[in-house]
Number of protein chains: 2
Amino acid sequence: MTRPRIVLDAMGGDNAPGEPVAGALMAAGVLGAEIILVGRKDAVEPELRGTGTIRDVRVVEAPDVIEMDEHATEAVRAKPLSSINVGLQMVKRGEADAFVTAGNTGATMAAALLTLGRVKGIGRPALATIFPAAEGRLTMLLDVGANADCRPIHLVQFAHMGSAYMERMFGLQRPRVALLSIGEEETKGNQLTLEVHQLLRGSRLNFIGNVEGKDLPRGLADVVVMDGFTGNVVLKTAEGIAELLFTELRKAVELTPWNKAAGLILMSELRKVKRRLDYAEYGGAQLIGVDGIVVIGHGRSNARAIYNALKAARDAVQNGVLETMRAVGKEVPARGQPGGEAAAGDTSGED
Amino acid sequence: MTRPRIVLDAMGGDNAPGEPVAGALMAAGVLGAEIILVGRKDAVEPELRGTGTIRDVRVVEAPDVIEMDEHATEAVRAKPLSSINVGLQMVKRGEADAFVTAGNTGATMAAALLTLGRVKGIGRPALATIFPAAEGRLTMLLDVGANADCRPIHLVQFAHMGSAYMERMFGLQRPRVALLSIGEEETKGNQLTLEVHQLLRGSRLNFIGNVEGKDLPRGLADVVVMDGFTGNVVLKTAEGIAELLFTELRKAVELTPWNKAAGLILMSELRKVKRRLDYAEYGGAQLIGVDGIVVIGHGRSNARAIYNALKAARDAVQNGVLETMRAVGKEVPARGQPGGEAAAGDTSGED
């Protein structure tokens, strides 16, 4: 197999270009992939200087930078030579196999849709993330933020994409697909989830029913689908609660010398727990349903998170995730008919 | 002031009637309220036997029990003599000032709406809970589960009710009201939150803008509004993440004798942290917007959680929360006009 070529946005994230470059250097020679740093050479090259090896790493100039707080679609149009646009164009032209960024999520999604387009047959791309569940199990959550408003067919398509992804990437047999709702019973939910429940029941997927927010860390399902508003709220709430807990624990440890000693003993274990919960460690989120491999890391990504995002991109390339998604697009239902598989020619484009 | 009379559903919750009765006994003589246990006398009275004092506690017969997993509206209609129905009817007839249960949330909401009705001017009652935020701050979240689908005006009314509640109960001056969304900018959100944002900006409330899931434990706002689907997902996700963390910590503590010793030292602190996160400790959720005081505890409530729910109900009665909600109903906007205050006569009933 040829070596995967991964474009990394050197200007993306709160800690750019330092951490992206450091992440690229961690990955170089280890991942068996070529890393193409895209960004302002005058900012990136000083970061590379003095490092022992830059084997497998090269830099491509992109003079513009889209900042973290810029308006997504406006920035994408106003800055065609931004690192995000330049990097995605390399993927579009076949000069690279994947694009990785810790930059502006909205801008990356907008640019990816504009540059790479959708996989034929998929109405809406989704942001998918792997959530660390109990006992080392992995659960894919999608959509976690690409589509604030969804129609039932979108969630059905997310379910098909997620199932195919977990099958392909982790070798799962008939992945267990669930729907996030507010009760296990099929009668519990909002209008959207009530309809999606029926559609998924009629599908050929291994649909195990509804799960609730408290079930997400339990690993009951391999794939859990939701609209992008709900998904974003879930991830951010999980992040906030974990932060609160660790802040409180840190305070408790400071209270007395005995607590401090106890804290020192437990600290390495605590750090492991924290790392499991820190979804940046899990290779960021993948934008599936666009016609290319795109991985978006947390804006606060450090070098290790960047390394993991690069690894996730490499694994997706090597496992042929894009080809899998194209196959899903050919057979996924295009409208809301229960169990109906759309004719291959019916790709019903929509915005 | 006369002594508040609180009806407690002795048959409600996973641990009924044992824990509700134990909670009533904890509260008796301490809260300065009369506790009326409603339920099957043959089940409740044995639990009272042998206890030292039953001052302030009496039992009212209700032969039927609505189980935790029964279909809400069907059960309410099929069992008019259930403890939930009998208790709420006592409030309706003015024989009690508040109703408290750890039983079937859906059935309680349905029965409360049927028996007590809505506060005039309020379109939809909401389930409101107090979330423990950083540095001892309290944030009211609503709706956390009464209305899976909401229109913009409902969230605006929730904001008015929440603000008035926090002002009345905790003496806050112009409580800070926020909207849960997926970004701070007013352009971030789904159709519902985009509209609600504009309506709240035009209102007379102290609207501080959008907050995200990660901000909820930070105490940035005194009231955060959301639709009931999202609110349920937020609470359940928080519960799940806290559970995951404590399970992992417990495992870490078991790994070596040193860890075990360290765990023992830290355990009481850890328990305090856990208690802060256990929202059952915070007096359960209050159904505001129905024409009566109704507090719904977690199904897993133990005696302490029941005690806290009784205390929350007593505080609501003593602070005149129902009168406050009636005043809100008179001046709250009834339709989606920005800043518009409905005429007092326009109470625009709806389902």
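Residues numbered from 1 in each chain as written. Chains lettered and ligands numbered in written order. Predicted model: local features only at pLDDT ≥ 70, side-chain atom pairs only at ≥ 80, totals over all residues. Heavy atoms only, no water.

Peer 1: I'd love a proper account of the relation of the copies chain B and chain A, names of residues and values included.
Peer 2: Once chain B is rotated about the relating axis by 180° and shifted along it by 0.0 Å, it coincides with chain A to within an RMSD of 0.0 Å. Those values place the two copies in the arrangement expected of a two-fold rotation axis. It is A262 of chain B whose C-alpha, among those of chain B, lies nearest the rotation axis, at 2.1 Å. When the interface residues of chain B are mapped onto chain A, 100% of them again lie at the interface, so the same face is used by both copies. (Least-squares fit on C-alpha atoms with pLDDT ≥ 70 in both. Contact = heavy atoms within 4.5 Å.)

Peer 1: Before we move on, can you summarise the sheet that holds strand 7 (residues 176–180) of chain A with the specific residues and values?
Peer 2: Strand pairing in a sheet relies on backbone hydrogen bonds, with the paired strands running either antiparallel or parallel. Residue and element names in this part refer to chain A. The 11 strands lie next to each other as 3-2-1-4-11-10-5-6-9-7-8, forming an open sheet whose pairing is mixed. Either end of the sheet is taken by a strand with one partner, and the two such strands are strand 3 (57–61) and strand 8 (206–211). Sheet twist, expressed as the average angle between the axes of neighbouring strands with direction ignored, equals 25°. Bridge count for strand 1 (residues 5–9) against strand 2 (residues 34–39) is five bridges, and the pairing is parallel. Each residue of the ladder has a partner; that of L8, found in strand 2, is L37. (Pairing = 2+ DSSP bridges. Helix = DSSP H or I, 4+ residues; strand = E, 2+ residues; numbered from the N terminus. Axes fitted to C-alpha atoms, helices over the stretch in contact; angles between N-to-C directions.)

Peer 1: Now, about the interface of chain B and chain A: what can you tell me, with residues and values included?
Peer 2: Contact with chain B, which involves 49 residues of that partner, is made by 49 residues of chain A. Summed over both sides, the interface of chain B with chain A buries roughly 4600 Å², with 73% coming from carbon and sulfur. Broken down residue by residue, the surface that chain B buries against chain A is led by I182, F229 and L245 of chain B, which jointly contribute 14%. Where chain B meets chain A, there are four salt bridges. Among the ionic pairs, E212 of chain A bridges to K236 of chain B, the shortest N-O distance being 2.2 Å. One can count eight residue pairs in polar contact (both at pLDDT 80 or more) joining chain B with chain A. The set of elements that each furnish at least two residues to the side of chain B that touches chain A consists of strand 5 (126–132), helix 7 (191–201), helix 8 (228–254) and helix 9 (257–277) of chain B. Broken down by element, the side of chain B that touches chain A gets its largest block of residues, 20 residues, from helix 8 of chain B. (Buried area = accessible area lost by both parts, 1.4 Å probe. Salt bridge = Lys/Arg side-chain N within 4 Å of Asp/Glu carboxyl O. Polar contact = N/O pair within 3.5 Å; in protein donor to acceptor, adjacent residues only side chain to side chain.)

Peer 1: Please provide a residue-by-residue account of the side chain of D222 of chain A, values included.
Peer 2: All names here are of chain A. Note on placement: D222 falls in the loop between strand 8 and strand 9 (223–225). Assessed through its relative accessible area of 10%, D222 is described here as buried. A polar atom in the side chain of D222 sits 2.7 Å from the backbone nitrogen of R176. If we ignore the near neighbours within four places in the chain, the residues touching D222 are L138, T139, M140, M166, L172, P175 and R176. (Buried < 20%, exposed > 50% of the residue type's maximum accessible area, 1.4 Å probe, protein only.)

Peer 1: So what's going on with the packing of helix 6 (residues 152–170) of chain A against helix 7 (residues 191–201) of chain A? Residues and values would help.
Peer 2: Residue and element names in this part refer to chain A. As a packed pair, helix 6 and helix 7 sit with axes 9 Å apart at the nearest point and diverge in direction by 50°. If you check the angle between helix 6 and helix 7, you find them oblique. Crossing angle aside, the handedness with which helix 6 passes helix 7 is right-handed. Between helix 6 and helix 7, the residues in contact are P152, L155, V156 and A159 and L192, E195, V196, L199 and L200, respectively. Across the contact of helix 6 with helix 7, the residue classes tally to eight nonpolar, no polar and one charged. (Parallel < 35°, antiparallel > 145°, perpendicular 65-115°, else oblique. Left-handed = near helix turned anticlockwise from the far one by under 90°. Nonpolar A, V, L, I, M, F, W, Y, C, P; charged D, E, K, R; others polar.)

Peer 1: Explain the domain arrangement of chain A to me, and be specific about the residues and the numbers.
Peer 2: All names here are of chain A. As assigned here, chain A comprises domain 1 (1–120 + 289–318) and domain 2 (126–284 + 320–351). Contact with domain 1, which involves 24 residues of that partner, is made by 22 residues of domain 2. Counting the surface lost from both domain 1 and domain 2, the interface buries some 1700 Å², and carbon and sulfur atoms represent 59% of this. Of all residues in domain 1, M109, K120 and H298 bury the most surface against domain 2, accounting for 26% of the area lost on that side. (Domains from an automatic or database assignment.)

Peer 1: Quick one: what's the story with unusual backbone geometry, residue by residue and with numbers?
Peer 2: Along the chain, L142 of chain A connects to D143 of chain A via a cis peptide bond; the corresponding omega equals 0°. Checked against the element boundaries, D143 of chain A lands in the loop between strand 6 (138–142) and helix 6. A cis amide bond links A16 of chain B to the next residue, P17 of chain B, at an omega of 0°. Tracing the backbone through its elements, the reader meets P17 of chain B in the loop between strand 1 (5–9) and helix 1 (18–27). In the Ramachandran plot, R174 of chain A falls in the positive-phi region, its phi being about 40° despite a non-glycine side chain. Position of R174 of chain A among the secondary structure elements: in the loop between helix 6 and strand 7.

Peer 1: Can you explain the pairing of strand 8 of chain A? Please cite residues and give values.
Peer 2: Residues and elements named next belong to chain A. Bridge count between strand 7 and strand 8: five bridges; the pairing is parallel. Following the sheet pairing, R176 is matched in strand 8 by N206. A crossover links strand 7 with its parallel partner strand 8, the connecting element being helix 7, and its sense is right-handed. (Right-handed = clockwise from strand over helix to strand, strands pointing away.)

Peer 1: Run through the state of the cysteines, naming residues and quoting values.
Peer 2: Throughout the structure, instances matching the rule amount to zero disulfides over all chains. With no disulfide partner, C150 of chain A has as its closest neighbouring cysteine sulfur the one in C150 of chain B, 18 Å distant. What makes C150 of chain A buried here is its relative accessible area of 14%. (Disulfide = S-S within 2.5 Å.)

Peer 1: Before we move on, can you summarise helix 4 (residues 83–92) of chain A with the specific residues and values?
Peer 2: Of all 10 residues in helix 4 of chain A, eight are buried, a share of seventy percent or more. Those residues of helix 4 of chain A that sit buried are S83, I84, N85, V86, G87, L88, M90 and V91 of chain A.

Peer 1: Summarise the pattern of salt bridges; cite the residues concerned and give the values.
Peer 2: This structure, assessed with the given rule, holds 42 salt bridges over all chains. With its nearest N and O atoms 3.4 Å apart, the salt bridge here joins E212 of chain A to K214 of chain A. The class of E212 of chain A is buried, set by a relative accessible area of 9%. The class for K214 of chain A is buried, based on a relative accessible area of 15%. Across the pair K79 of chain B and E70 of chain B runs a salt bridge whose closest N-O atoms are separated by 2.7 Å. Each of E212, K214, D215 and R218 of chain A together with K236, E239, E243 and R300 of chain B takes part in a single network of salt bridges with overlapping partners.

Peer 1: How would you summarise the pairing of strand 11 (residues 293–296) of chain A if you had to cite specific residues and measurements?
Peer 2: Residues and elements named next belong to chain A. Neither face of strand 11 is exposed, since I293 and V295 on one face and V294 and I296 on the opposite face are all buried. In this structure, strand 4 (residues 98–101) lies alongside strand 11, joined through four bridges in parallel fashion. Bridging from a neighbouring strand, T101 pairs with I296 of strand 11. In this structure, strand 10 (residues 285–288) lies alongside strand 11, joined through two bridges in antiparallel fashion. Considered in strand 11, the bridge of A285 is made with I296. Between strand 10 and strand 11, which pair antiparallel and follow one another directly, the connecting turn spans four residues, one of which, G289, has a positive phi of 105°.

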